[in-house]
Amino acid sequence: MISMDMGLDVGNTELFDQANPESFLYDESNPSINLPSKVLFPVIASDVIAAIEFSKVHKVEISIKNSGHHYGGASQKKNTLLLNMNHYTQYSPTGIVDCEVSLLDGFSIAEDLSNQACALSLAKDKSAYVRVGGGENWDKVYRAVQKANKAQEQEGGGYKYHVVGGGGGTVSPLGWTFLAGLSGTTGGRKYGFGADQVLQVEMVLPNGHHVRFGPTEWEDAEGFIVPRTIDVSGMCRSNPEEQDEEKWQWGSCPDEFDVDFNDLWFAVRGGGGGTWGVVLSLYLQLHEYEKYERYAVSPAEDCAALGITPSGLWLEFQITYALTPSSIDVTKEHSNACGTPQTPNYHCYGEEDVEQGWARFLVKKNVTDLPDGACLVKTASDSGWKDFIDGAIAGSEGTRYEGHAGDGISPMGMTQTASILIPSAWIEASEDNFKTLLQRFGVPYLAFGGGARTASDQANSVSKAHRDAGGWPLASNTDAFWGEFFPQMYDISDKTNFPAVFGANHAGSTPSGPRKDNWTEPCPKEWTFEKRSEECISMQESIYGTKLLKRLEAIKEVVDPNYMLDCAYCIGNNRPKAKAVQDDAGVAEDEKDGTSSSTPINDGDISGAFSMGKNQPMIVFAGWIGLLQFQYMLN
């Protein structure tokens, strides 16, 4: 298997005293500690604007956290002011908007962009969207959509809305979306990546401006299921001190505003979160509801005796149905209706052909004398579930997530994972390649192909490799990949342009690409971090490729020239840091060692700085941040 021994140093665990855990938490000299010294919980937009202004004045770096799911640890950083968005305004409970199709006749986009999301939604042949707050998670959004659907049903209609989201309820719709957004559970292969669901973005930029922006000009694009974005427009809020959202005033940005909204639109959707600004809300596409089914195989002994197990014939069928459907007489349309996030459950929406495809697959495999039902279980139908959230809530019974969409991933420290994008063209090229995928790469994440390739507006930073992938396995050791498979799967003839090869979602903190002087040789694990950084292709370049990364880095220099936001493994984070100097204010910049360039925060710096009337936010010691916010996330 490619996903073998990690073989990586995860830090000096001798520094942790089991008998006295506080020694680990409060020892600032401990290199394993990467916790911010202060945390601010913004409640409204004015809180975030005040924090940005405070950062500009005092040259304090900011980190941003919603759920903390970033595998590389981008959601927190020592010596920063952490903006924990979990207390921010929730929009999704009342944020579903139906767009009137009649508006298409003589319809024009309002100058303040108030109807832009509807205009773009209608251009995509969709008629609704949901606004999601900057501190919400998928559990909150899924339950908001579920509530709206049940209300429709109670009024005599049927379910109406469907949202494309992540597999874990605690996952943030923001960070998930900005790293492309893989959906094996809610129809990503049919409707596209998370980045493709965004209609409008609202955020506060490092320059202090509160903006909202989205496409205002588009055209039909052959071979794509959504229009191609031609132009993006943005507005700035002229009364940032106003706390009442109904009184916000949007207008043209001032002359000195030098951020190109076309570039910003391109960068945020695929270029990662936490580095372009503080996102206050997203306007996400809602799709027309289609019947949901979740398939699995029976755990019965007579099924297992035939090789029908989650890791046996069922896994091979899932991959066959998704990647080579014609081999079992399944159409691409029916194939694209289903997907899975590396689990035995197969999630399908609308018309599909799983039952008949499974029967044909078993005949091809010469599996006979099957029990009734061919060992296939229709979990959703049997349980009365109408959408993914129903099963997610049912699965949380008896757990700490009860009543909510839970999460199968436990809290963890440093991660050593890399998601290898396996090109669909390579998989389809030969039967031997398909067998190699099964035998050498393990269980792939099946959220690629179909809409994931054709739902792009062609103005985003999701890599071509991401779009063209058939799936990816989550690998903890990629050494064998570089010499044996990389030259087979990717064109590496242009030594000035390393291709994108890793997925952004689930990219860990320690892996890297191959050696810079030989792309077929892995980066030696025995090298120091500094030597690996200097002589090996970075994780960022492995995710985006050389050319796309350079474009994103250029945008970062314009949007955030002083690197107020410099999160771990985010765009620009691996740049050479300036040698330590004292500026006019006596603030030291760090050496070229990758540490924070901000001033350590003391209580005197912050006292009273964020007093915003009745909405004054809390400032607390960071400590175990996940535990501090956990109960709130479940509300």
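Residues numbered from 1 in each chain as written. Predicted model: local features only at pLDDT ≥ 70, side-chain atom pairs only at ≥ 80, totals over all residues. Heavy atoms only, no water.

Draft legend 1. Representation of the overall build of the protein in the model. Of regular secondary structure, the protein possesses 24 helices and 20 strands. The buried share among the 635 residues of the protein stands at 55%. Residue pairs at least 24 apart in sequence account for 73% of intrachain contacts in the protein once pairs closer than 6 positions are excluded. Accessible surface, the protein: about 27000 Å² in total, of which carbon and sulfur atoms supply 49%. (Helix = DSSP H or I, 4+ residues; strand = E, 2+ residues; numbered from the N terminus. Buried < 20%, exposed > 50% of the residue type's maximum accessible area, 1.4 Å probe, protein only. Contact = heavy atoms within 4.5 Å. Areas by Shrake-Rupley, 256 points an atom, 1.4 Å probe, with all protein chains shown as cover.)

Draft legend 2. The nonpolar core, seen in detail. Residues Met 203, Leu 264, Trp 358 and Phe 481 are the most contacted members of the largest nonpolar core, which totals 121 residues. Among the elements that line this core, the one with the most residues is helix H9 (residues 313–323), at eight residues. Contacts of Met 203, omitting those with residues within four sequence positions, involve His 209, His 210, Val 211, Phe 213, Leu 264, Val 268, Trp 276, Gly 277, Val 278, Val 279 and Leu 280. Val 48, Leu 81, Tyr 88 and Val 278 belong to the second largest nonpolar core, which has 24 residues in total. (Core = buried A, V, L, I, M, F, W, Y, C linked by side-chain atoms within 4.5 Å.)

Draft legend 3. The arrangement of the packing of aromatic side chains in detail. One pass over the full model with this rule turns up 30 aromatic pairs. Judged by centre distance (5.9 Å) and plane angle (15°), the ring pair of Trp 358 and Phe 361 falls under stacked. In this pair, Trp 358 and Phe 361 both sit in helix H11 (residues 354–364), three residues apart, roughly one turn of the helix. Given the relative accessible area of 1%, Phe 361 is considered buried. A connected cluster of aromatic rings, assembled from ring pairs, spans Phe 481, Trp 482, Phe 486, Tyr 490, Phe 498, Phe 502 and Trp 519. Stacked on the ring of Tyr 91, the Lys or Arg Arg 131 has its end atom at 3.6 Å from the ring centre. (Phe/Tyr/Trp six-rings, centres within 6.5 Å; stacked < 30°, edge-to-face > 60°. Lys NZ or Arg CZ within 6 Å of the ring centre and 35° of its normal.)

Draft legend 4. Fine view of empty space enclosed by the protein. Inspection of every chain in the model, using the stated rule, returns five cavities of 30 Å³ or more. Within this model, the largest cavity holds a volume of roughly 130 Å³. In terms of residue class, the lining of the largest cavity is built from seven nonpolar, six polar and three charged. Around the second largest cavity, the lining residues are Tyr 142, Val 145, Gln 146, His 162, Val 163, Thr 186, Asp 387, Phe 388 and Ile 389. Sorting elements by how many residues they give to the lining of the second largest cavity places helix H4 (residues 138–154) first, with three residues. Among the residues forming the lining of the second largest cavity, the class breakdown is five nonpolar, three polar and one charged. (1 Å grid on protein atoms, 1.4 Å probe; cavity = no way out; pocket = protein on both sides within 12 Å on 5 of 7 lines; lining within 4 Å. Points joined across faces, edges and corners; volume = space filled by probe spheres on them. Nonpolar A, V, L, I, M, F, W, Y, C, P; charged D, E, K, R; others polar.)

Draft legend 5. Expanded view of the state of the cysteines. Tallied over the full model, the rule gives six disulfides. Covalently, Cys 523 is tied to Cys 536 through a disulfide, its sulfur atoms 2.1 Å apart. Across the disulfide from Cys 523 to Cys 536, rotation about the S-S bond amounts to roughly 85°, and the bridge is consequently right-handed. Placement of the pair is Cys 523 in the loop between helix H19 (486–489) and helix H20 (529–535) and Cys 536 in the loop between H20 and helix H21 (539–544), with a sequence separation of 13 residues. Across this residue pair, the class does not change: Cys 523 and Cys 536 are buried. Taken in sequence order, the bonded cysteines of the protein link in the pattern 1-2, 3-4, 5-8, 6-7, 9-10, 11-12. (Disulfide = S-S within 2.5 Å.)

Draft legend 6. Representation of the pattern of salt bridges. In this structure the tally under the stated criterion is 24 salt bridges. Notably, a salt bridge pairs Asp 566 with Lys 77, separated by 3.7 Å at the nearest N-O pair. Linking Asp 566 in the loop between helix H22 (546–559) and helix H23 (603–606) with Lys 77 in the loop between strand S2 (62–65) and strand S3 (81–84), this pair joins segments that are 489 residues apart in sequence. Look at Asp 566 and you get buried, because its relative accessible area is 2%. Three or more residues joined by partner-sharing salt bridges are found here, namely Glu 61, Lys 77 and Asp 566. (Salt bridge = Lys/Arg side-chain N within 4 Å of Asp/Glu carboxyl O.)

Draft legend 7. Fine view of helix H7 (residues 261–268). In terms of burial, H7 is a largely internal element, six of the eight residues being buried. Among all positions of H7, only Phe 261, Leu 264, Trp 265, Phe 266, Ala 267 and Val 268 are buried. Along its buried surface, H7 packs onto helix H5 (173–178), strand S7 (198–204), strand S8 (210–219), strand S9 (228–237) and H22. A side-chain oxygen of the first residue of H7 lies 2.7 Å from the backbone nitrogen of Asn 262; this N-cap is Asp 260. Where H7 ends, the next residue or the one after it, Gly 270, has phi of about 130°, a positive value. (Polar contact = N/O pair within 3.5 Å; in protein donor to acceptor, adjacent residues only side chain to side chain.)

Draft legend 8. Molecular detail of the environment of Ala 392. Mapped onto the fold, Ala 392 is located in helix H13 (residues 388–394). Each C-alpha atom, one on Ala 392 and one on Asp 139, is 9.1 Å from the other, the two residues being 253 residues apart in sequence. If we skip the residues at most four places from it in the chain, Ala 392 touches His 404, Ala 405 and Gly 406.

Draft legend 9. Fine view of the side chain of His 466. By the element assignment, His 466 lies in helix H17 (residues 464–468). Since its relative accessible area comes to 3%, His 466 is described here as buried. Ignoring any residue separated from it by four or fewer positions in sequence, one finds His 466 in contact with Ala 180, Leu 182, Phe 193, Leu 421, Phe 448, Gly 503 and Ala 504.

Draft legend 10. Inspection of the pairing of strand S11 (residues 278–288) at higher detail. Taken across its 11 residues, S11 has 10 buried, putting it largely inside the fold. In terms of strand pairing, strand S5 (residues 128–133) meets S11 through six bridges, oriented antiparallel. Its bridge partner lying in S11, Val 130 is registered against Leu 284. With two bridges connecting them, strand S6 (residues 161–162) and S11 associate as antiparallel partners. When the sheet's bridge partners are listed, Tyr 161 is paired in S11 with Glu 288. Direction of pairing for S7 relative to S11: antiparallel, over a ladder of six bridges. For Gln 200, the partnering residue across the bridge sits in S11 and is Tyr 283. (Pairing = 2+ DSSP bridges.)

Draft legend 11. Up close: the confidence of the model for the protein. Chain-level pLDDT for the protein is 86 on average; 84% of the residues reach the 70-or-more range. This model gives residues 1–16 a pLDDT under 50, and the stretch forms 37 contacts once residues within four places in sequence are excluded. Across residues 578–635 the pLDDT falls below 50, and counting only partners more than four positions away or on other chains, this stretch makes 130 contacts in the model. (pLDDT = per-residue confidence, 0-100.)

Draft legend 12. Representation of the sheet that holds strand S14 (residues 346–349) in the model. Taken in spatial order, the four strands of this open sheet run S13-S14-S12-S15, and their pairing is antiparallel. On the outer flanks of this sheet lie strand S13 (338–339) and strand S15 (376–378), each paired with one strand and no other. Bridge analysis of strand S12 (residues 292–297) against S15 gives three bridges, and the strand direction is antiparallel. Counted as the bridge partner of Tyr 295 is Lys 378 from S15. Each of S12, S13, S14 and S15 is contacted by H9, which is oriented at about 35° to S14, the strand it contacts most. Contacts from H11 reach S12, S13, S14 and S15 within the one sheet, and its direction differs from that of S15 by about 175°. (Axes fitted to C-alpha atoms, helices over the stretch in contact; angles between N-to-C directions.)

Draft legend 13. A look at the pairing of S2. Residues Ile 62 and Ile 64 point to one face of S2 and Ser 63 and Lys 65 to the other, with burial holding for every one of them. Looking at chain direction, S2 and S3 are connected through four bridges and run parallel. Note on S3: the bridge partner recorded for Ile 64 is Leu 83.

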